[in-house]
Amino acid sequence: MTIFSLPGVRHTLAASLVAGSMLSAPAVHALDIKSSDVHPMGYPTTDAIEHMGNLLNSWTSGRMNIKIFHSMQLGGEKEALEQVQVGALEMTRVSVGVVGPIVGEFDAFNLPYFFKSVEHMHKVVDGEIGTELLNKLEKGGLIGLGYMDAGSRSFYNNVRPVKSFEDLKGMKIRVMQNPIFIEMVNSMGGNGLPISFSELYTSLQTGVVDGAENNPPSYESGKHYEVAKYYTLTEHLMVPEIFVFSKKVWDTLSPLDQQLIRKASVLAVEKQRELWAAREQRSLAAVKALGYEVVTDIDKEPFIKATEPVRMKFGEKYADLIKRAAAVK
Ligand code: BDP
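Each value, and the rule that gives it
The numbering scheme is per chain: residues are counted from 1 as the chain's sequence reads. With the structure being a predicted model, the display of local features is reserved for residues of pLDDT at least 70 and the display and counting of side-chain atom pairs for 80 or more, all residues being used for whole-chain, interface and lining totals. With hydrogens and water excluded, all non-hydrogen atoms of the structure serve as input to the side-chain values. Salt-bridge detection follows one rule: a side-chain nitrogen of Lys or Arg within 4 Å of a carboxyl oxygen of Asp or Glu. Here a helix means four or more residues in a row that DSSP labels H or I, a strand means two or more in a row labelled E, and each is numbered from the N terminus. Only protein chains enter the accessibility calculation, which uses a 1.4 Å probe; a residue whose area is less than 20% of its type maximum is buried, one above 50% is exposed, and one in between is partly exposed. Each domain's extent was defined by an automatic or database domain assignment. Two residues qualify as a contact provided that any one of their heavy atoms is within 4.5 Å of a heavy atom in the partner residue. Once two parts are brought into contact, the accessible area they lose, counted with a 1.4 Å probe and summed over both, makes up the buried area. Think of a polar contact as two N or O atoms within 3.5 Å of one another; within protein, one of them needs to be a possible hydrogen donor and the other a possible acceptor, and neighboring residues in sequence only count if both atoms come from side chains. For this scheme, ten residues count as nonpolar: Ala, Val, Leu, Ile, Met, Phe, Trp, Tyr, Cys and Pro. Four count as charged, namely Asp, Glu, Lys and Arg, and the remainder, Gly too, count as polar.

## Comments concerning the pattern of salt bridges
Here comes step 1: Tallied over the entire structure, the rule returns 19 salt bridges.
Here comes step 2: One salt bridge in this structure joins Glu220 and Arg279, with 3.1 Å as the shortest N-O distance. Of the two residues, Glu220 sits in helix 8 (residues 216–221) while Arg279 sits in helix 10 (residues 255–289), which places them 59 residues apart along the sequence. This pair shows no difference in class: Glu220 is buried, exactly as Arg279 is.
Here comes step 3: Ionic contacts of the salt-bridge type, sharing partners, join the residues Asp37, Glu77, Arg93 and Glu241 into one network.

Quick look at the structure:
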């Protein structure tokens, strides 16, 4: 009897586990997974998690579902991670930028100008090192399910177009809540201010900050161009995204449910990366089409040089890991 098809999961094991749990009805628990994201629906990350929810729903005939709390309904990412750690929220998708303060090794990925290319980043996060780090999340009460793409982050502001290294001088720049990013901006002559993404638009609008830094899809989707019209492709960070499950809740799940979530996560990552590649291009084009200035011709060397002390200082503790990641071909 075919109960349902479960691509990739060892069929005999899955079928017997499902058959077993179907026979003993009380063991089958409905699972409504609440998952948060700062982005709205229609963004690559939220759409990928929606896809994951649809897969789980169809594989279990509606027993497992994901409800997405999108658009910062639950606040910023730091708060979301705290909720997941205590088990009040089952899942969240966040930037690795805010994971460093929980599991320090992730700061290797948060160093400015660290990854050489998207391919390099993929090889590192999809390889041994990526898995090793996901496993370390357990000590922070989190189960790491996978890495998603977030392209490169660049500066934008409402004072003047940044056409050379000197132009950033004196600007108050919002960064994600991690000391690395504060020092990164300071090393470039600006003034880094850690602020939650949920407060960023207002902070730009009211002049609490002059600018921020992010990838083109976030700049476009958050309509930050309305309040910070100069965008420059400095591409100083390539911070992946991550989605995590609450270890507290995870430990109450059956091995089959855990397996289903793992399998659906792999497919969610695939989906997200596909959506991401297309969205990155579209977002930049959309911003340009609206008439906003995007500086693409920029000498990155002075930025790379200025941030060397940041790589040294924050990388020192994880020197081996960083060496291994840098050597990944
Ligand atoms: C975006 C990430 C999001 C972060 C945000 C930020 O997708 O997870 O919260 O940047 O800057 O690129 O806080």
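## Some words on the domain arrangement of the protein
Here comes step 1: The domain architecture assigned to the protein consists of domain 1 (13–104 + 117–149 + 240–279) and domain 2 (152–238 + 281–326).
Here comes step 2: Taken over C-alpha atoms, the centre of domain 1 sits 27 Å from the centre of domain 2.
Here comes step 3: In this assembly, 29 residues from domain 1 lie in contact with 21 residues from domain 2.
Here comes step 4: Each partner contributes to the roughly 2000 Å² buried at the junction of domain 1 and domain 2, and carbon and sulfur atoms together form 59% of this total.
Here comes step 5: Counting the contacts that link domain 1 with domain 2 gives three salt bridges.
Here comes step 6: Here domain 1 is connected to domain 2 by eleven residue pairs in polar contact (both at pLDDT 80 or more).
Here comes step 7: Looking at the side of domain 1 that touches domain 2, the elements that each hand over two or more residues are helix 3 (77–86), helix 4 (118–126), helix 5 (128–136) and helix 10.
Here comes step 8: Split by residue class, the side of domain 1 that touches domain 2 holds 15 nonpolar, nine polar and five charged.

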